[in-house]
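Summary of the model geometry
Take a look at the letters that make up each chain.
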Amino acid sequence: MDAIDIIEDTERKPKTVSKKSFPVTGMTCAACASSVESMLGHTEGVYNASVNFANSTVLVEYDSAMDLSDLQNAVRQIGYDIIVDAEDPTEVQEELSKKHYVSIKKRTLWSAILTLPIFLLGMFFMDWVLGRWISLVLAVPILFWFGRSFFINALKQARFGKANMDTLVALSTGIAFLFSAFNTFFPEFWLSKGMEPHVYYEAATVIITFISLGKLLEEKAKSNTSSAIKKLMGLQPKTLKVIEDGEEREISISSVKVGQTILVRPGEKIPVDGTVSKGSSYVDESMITGEPVPVEKTKGEKVFAGTVNQKGSFQFVADRVGGETLLSQIIKMVQEAQGSKAPVQKLVDRIAGIFVPVVMTISVVTFITWMFLGGEDAFTHALLTAVAVLVIACPCALGLATPTAIMVGIGKGAEHNILIKDAESLELGYKVNAIVLDKTGTITEGKPVVTDMVFADHVTDHRGLEQILYAMEGQSEHPLAEAVVSFLKNRKVNPIEILNFNSITGKGVRAEALDGTQYLVGNHKLMVEKGIAMDDNLGHMVEGLEQEAKTVIYFGGGGKVKAILAIMDSIKKSSKEAIREMQGNGMEVYMMTGDNKMTAEAVSQQVGIKSYEAEVLPSEKADFVKSLQESGKVVAMVGDGINDSQALAQADVSIAMGKGSDIAMDVAKMTLITSDLNAIPKALKLSHKTVIGIRQNLFWAFIYNIIGIPIAAGLLYPINGFLLDPMIAGAAMAFSSVSVVLNSLRLKTIKL
């Protein structure tokens with residue numbers, strides 16, 4: 001982006017831009033979604049609006065200063081509604097979905113009950129005059145009460161010169177009903193022309209019933225696609241216990257405030273993010289980290305909402321509540337991703353927007369053609385084919401093809417600790433053929449650990465020296481001292497008392513044992529300066545360790561080096577396996593690090609990476625990604641630090657490790673909330689499977705319409721005399737939408 005673009009973008013968007021998802025009511029098809037999106041997009045103060053028909057929500061980017069009732073008024077103008085004042089939009093949306101499902105279920109059931117006798121009369125007693133009157137009486141409530149929403153919505157659309165699926169249904173069933181009613185009241189009109197006055201009540205009512213049944217199955221299936229969100233929300237308890245003036249009190253999760261002290265007992269879920277203030281326990285953080293081993297929590301440690309306390313009780317001070325908790329941010333990320341659109345979906349939406357007018361035109365052309373070429377039964381054939389064209393064509397299958405697959409794919413990712421921020425990265429992931437991995441925190445743990453501890457041959461009291469070393473490193477402020485302390489702690493070593501502790505800047509530390517012996521811990525330079533001698537065998541060990549890119553710490557006392565310790569950022573157990581799998585899938589894997597060449601070479605050899613870049617600056621990481629792109633590669637960048645954010649932004653698909661910096665996670669389009677590198681090939685496999693699902697859905701939706709519309713128009717009639725009954729067309733149309741959703745739901749069963 002150049003300077004002019006930045007200035008123009010700043011002029012278009014104020015600094016206070018809000019982004020929020022709102023529930024939308026009244027949408028019945030993809031064309032409705034297109035209308036809502038278009039209306040909001042042209043509303044003053046709105047910068048972007050993205051409607052997801054599959055979960056009936058709209059993600060709006062708007063000026064924070066604008067009145068949200070303006071959004072509501074804009075949408076209401078075209079016959080829909082948007083809920084802007086809900087405390088919990090997701091809860092409202094779920095409640096509306098339940099009511100809508102119950103309403104459709106009731107309408108479908110009554111439509112089916114009343115349609116059955118009409119169907120039997122139309123099929124087996126078509127010439128019985130009384131049967132026609134019975135059918136007329138039963139058809140009226142089916143069409144104009146249980147099916148009234150189709151006509152009401154079609155009229156709303158017509159007021160604004162728009163058309164959608166309801167327009168097709170209302171026109172086809174309305175024309176079939178009026179034609180049949182005319183034939184019932186005035187049969188002599190046709191008899192005088194020597195023609196039989198047929199009625200099509202069964203066609204009109206079965207169409208309403210089939211479409212209602214299709215919508216019922218659609219609603220049921222669509223509710224399943226958001227199960228991942230519900231699972232995430234279920235991780236947060238509804239109530240919690242606060243400690244006030246020494247008293248324990250239970251309050252709702254919505255009432256908790258930052259700074260309050262909260263009590264957590266064994267087996268309870270932690271309600272909000274905070275810092276332990278009293279007590280200790282082990283907490284299962286697998287929902288955030290993916291690590292199955294519970295983590296010890298003592299005073300000063302951070303705890304997160306949704307994680308589960310194990311055996312002990314503790315108190316903690318609330319740091320982040322409500323929408324600020326890590327769990328809430330994860331839920332919000334998933335919701336925004338499910339409401340985002342893949343590039344292919346934007347194309348499908350445009351097609352759906354013009355689809356209905358095109359179908360209506362085809363229907364009119366079909367009617368006129370049959371009127372000219374239909375012979376004796378021209379009008380009857382013209383009417384039936386025009387109705388069949390209107391019925392069989394429906395943009396719903398097209399509209400649902402992409403969002404349902406995307407929603408299920410994103411939900412599946414969330415179950416495997418893969419958070420996908422937008423649909424574009426999910427769609428693009430399958431094209432990736434080059435993966436760039438940051439070393440520290442991505443391939444490695446990002447935390448130095450002691451890998452080796454070797455004592456000199458002359459040392460006999462290993463335990464006593466370990467106690468002195470623990471005491472010295474326990475008081476040291478050097479970043480590597482923590483690794484030594486952790487190592488000795490795991491060996492069940494206890495520190496002993498030491499005297500005259502001193503830190504020697506840039507070299508190490510010095511202290512005195514109770515027996516008066518001087519001890520030093522530090523680098524080689526410190527040992528040389530103080531004249532500390534080292535055995536030959538230790539010297540050879542040092543050379544080997546340094547070749548493995550390990551940092552060596554020297555522990556000396558009484559004029560001799562007593563022991564050496566090797567420290568390195570250990571490689572994750574999953575790294576080698578994950579890298580091998582990515583390479584096996586035909587991807588080129590690169591490693592980048594700011595570390596020196598020796599360290600980079602050692603790590604790359606251990607994990608099987610042939611190409612690496614060492615001593616690179618943050619901007620050089622981005623340049624490297626760009627150079628790969630310029631050579632025709634589709635690049636995925638994986639990193640965890642602030643220094644990776646530039647390269648993440650440059651990459652085609654950006655993946656952040658969840659334990660990394662907030663900036664890296666903000667920039668990245670995918671976040672892995674686990675340290676396991678195997679999640680990367682899983683994410684790319686999920687992308688591949690989702691794209692296949694989208695393509696299958698679009699193929700069947702397009703093929704269905706390409707084949708169905710000409711057959712409905714009577715293309716086969718000159719060949720074999722076949723005319724498609726409008727009733728069968730209605731069933732086929734309903735099945736097309738349901739089949740698309742069911743195909744998307746298959747993604748839930750795939751193994752990653």
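Residues numbered from 1 in each chain as written. Predicted model: local features only at pLDDT ≥ 70, side-chain atom pairs only at ≥ 80, totals over all residues. Heavy atoms only, no water.

Per an unreviewed UniProt entry, the recorded name for the chain is P-type Cu(+) transporter, and the organism is Flagellimonas zhangzhouensis.

Now for the overall build of the chain. Scanning the chain from terminus to terminus reveals 29 helices and 26 strands. A total of 752 residues make up the chain; the buried ones form 52% of that total. Within the chain, contacts between residues separated by at least 24 positions form 69% of all contacts whose residues are at least 6 apart in sequence. Here the chain has roughly 34700 Å² of accessible surface; of this, 57% comes from carbon and sulfur atoms. (Helix = DSSP H or I, 4+ residues; strand = E, 2+ residues; numbered from the N terminus. Buried < 20%, exposed > 50% of the residue type's maximum accessible area, 1.4 Å probe, protein only. Contact = heavy atoms within 4.5 Å. Areas by Shrake-Rupley, 256 points an atom, 1.4 Å probe, with all protein chains shown as cover.)

The buried fraction of strand β24 (residues 635-639) amounts to five of the five residues, a majority that puts the element mostly inside the structure. By the alternation rule, side chains of β24 split into V635, M637 and G639 and A636 and V638, which are all buried. Where strand β15 (residues 434-438) and β24 come together, four bridges link them in parallel fashion. Considered in β24, the bridge of V436 is made with M637. Where β24 and strand β25 (residues 653-657) come together, four bridges link them in parallel fashion. In the strand pairing of β25, G639 is matched with A656. (Pairing = 2+ DSSP bridges.)

Spatially, seven strands are ordered β14-β26-β25-β24-β15-β22-β23 in an open sheet, and the strand pairing comes out mixed. Edge strands, defined here as strands with exactly one partner in the open sheet, are β14 (418-420) and β23 (611-613). Strand-to-strand twist of the sheet, defined as the mean angle between neighbouring strand axes without regard to direction, takes the value 20°. Alignment of strand β22 (residues 588-592) against β23, held across three bridges, turns out to be parallel. By the bridge assignment, M591 is partnered in β23 with Y612. Each of β15, β22, β23 and β24 touches helix α24 (residues 618-630); the most contacted strand, β22, lies at about 160° to it. (Axes fitted to C-alpha atoms, helices over the stretch in contact; angles between N-to-C directions.)

Our focus in this paragraph is α24. Helix length check: α24 (13 residues) gives 19 Å between terminal C-alpha atoms against 18 Å at 1.5 Å per residue, within 8%. Within α24 the residues assigned to the buried category are K621, A622, F624, V625, L628 and Q629. Projected down its long axis, α24 shows its buried positions confined to an angular sector of 155°, all on one face. Where α24 is buried, its residues contact β15, β22, β23, β24 and α25 (645-650). (Expected span 1.5 Å × (residues − 1). Arc of directions from axis to C-beta.)

So, on to the environment of G522. Locating G522 in the fold gives a position in strand β19 (residues 518-522). Linking G522 and I564, residues 42 residues apart in sequence, is a C-alpha distance of 9.8 Å. Apart from the residues lying within four places of it in its own chain, the contact partners of G522 are K507, G508, M527, I553 and Y554.

So, about the packing of aromatic side chains. Pairs of aromatic rings are described using the distance from one ring centre to the other and the angle between the two planes. Counted under the stated rule, the structure contains 15 aromatic pairs. Taken together, the aromatic side chains of W133, F182, F185 and F186 make up a single cluster linked through ring pairs. Lying over the aromatic face of W145, R148 brings its terminal NZ or CZ to 4.0 Å of the ring centre. (Phe/Tyr/Trp six-rings, centres within 6.5 Å; stacked < 30°, edge-to-face > 60°. Lys NZ or Arg CZ within 6 Å of the ring centre and 35° of its normal.)

What follows covers the UniProt feature "transmembrane region" (unreviewed entry) in the chain. With numbering aligned to this structure, UniProt lists the feature "transmembrane region" (unreviewed entry) at residues 108-126, 132-155, 167-186, 198-217, 351-373, 379-402, 698-717 and 723-745. The span residues 108-126 shows a helical share of 89% and a strand share of 0%, and its end C-alpha atoms are spaced 25 Å apart. (UniProt positions renumbered as here; feature names shortened; annotations may be inferred.)

Let us now look at the pattern of salt bridges. With the rule as written, the count across this model stands at 13 salt bridges. A salt bridge links R76 to D81, with the nearest nitrogen and oxygen atoms 3.0 Å apart. With a relative accessible area of 44%, R76 lands in the partly exposed category. What you see here is one network of salt bridges that share partners, running through D452, E548 and K550. (Salt bridge = Lys/Arg side-chain N within 4 Å of Asp/Glu carboxyl O.)

Turning our attention to the packing of helix α18 (residues 462-475) against helix α19 (residues 481-490). For the pair α18 and α19, the least separation of the axes is 9 Å and the interaxial angle reads 140°. Classified by the angle between their axes, α18 and α19 sit oblique to one another. As α18 runs across α19, the sense of the crossing is left-handed. For the pair formed by α18 and α19, the contact residues are E466, L469, Y470, E473 and G474 on the first element and A481, V484, V485, L488 and K489 on the second. (Parallel < 35°, antiparallel > 145°, perpendicular 65-115°, else oblique. Left-handed = near helix turned anticlockwise from the far one by under 90°.)

Turning to the nonpolar core, a few remarks are in order. Counting residues in hydrophobic clusters, the biggest one holds 44 residues, and the most contacted among them are I435, L437, I443, I579, M582, I609 and I680. In terms of residues, this core owes the most to one element, helix α27 (residues 679-712), which gives seven residues. In contact with I680, not counting residues within four places along its chain, are I435, L437, M582, V638, I655 and L672. Grouped together as the second largest cluster of nonpolar side chains are 43 residues, F455, F555, A566 and I567 included. (Core = buried A, V, L, I, M, F, W, Y, C linked by side-chain atoms within 4.5 Å.)

The topology assignment puts V206 in helix α9 (residues 201-225). Classification of V206 as buried rests on a relative accessible area of 7%. Taking the C-alpha atoms as reference points, V206 and L116, separated by 90 residues in sequence, lie 8.6 Å from one another.

Reading across the sheet, the six strands line up as β16-β21-β20-β19-β18-β17 and stay open at both edges, with antiparallel pairing between neighbours. Of all strands in the sheet, those with a lone pairing partner are β16 (444-455) and β17 (499-504), marking the two edges. Within this sheet the neighbouring strands show an average axis-to-axis angle of 15°, counted without direction. Summarising the sheet, strand β20 (residues 551-557) and strand β21 (residues 560-571) pair through seven bridges and their orientation is antiparallel. Counterpart to G557 in the pairing with β21 is K560. The sheet contacts of helix α21 (residues 536-547) involve β16, β20 and β21, and relative to β21 the element is tilted by about 15°.

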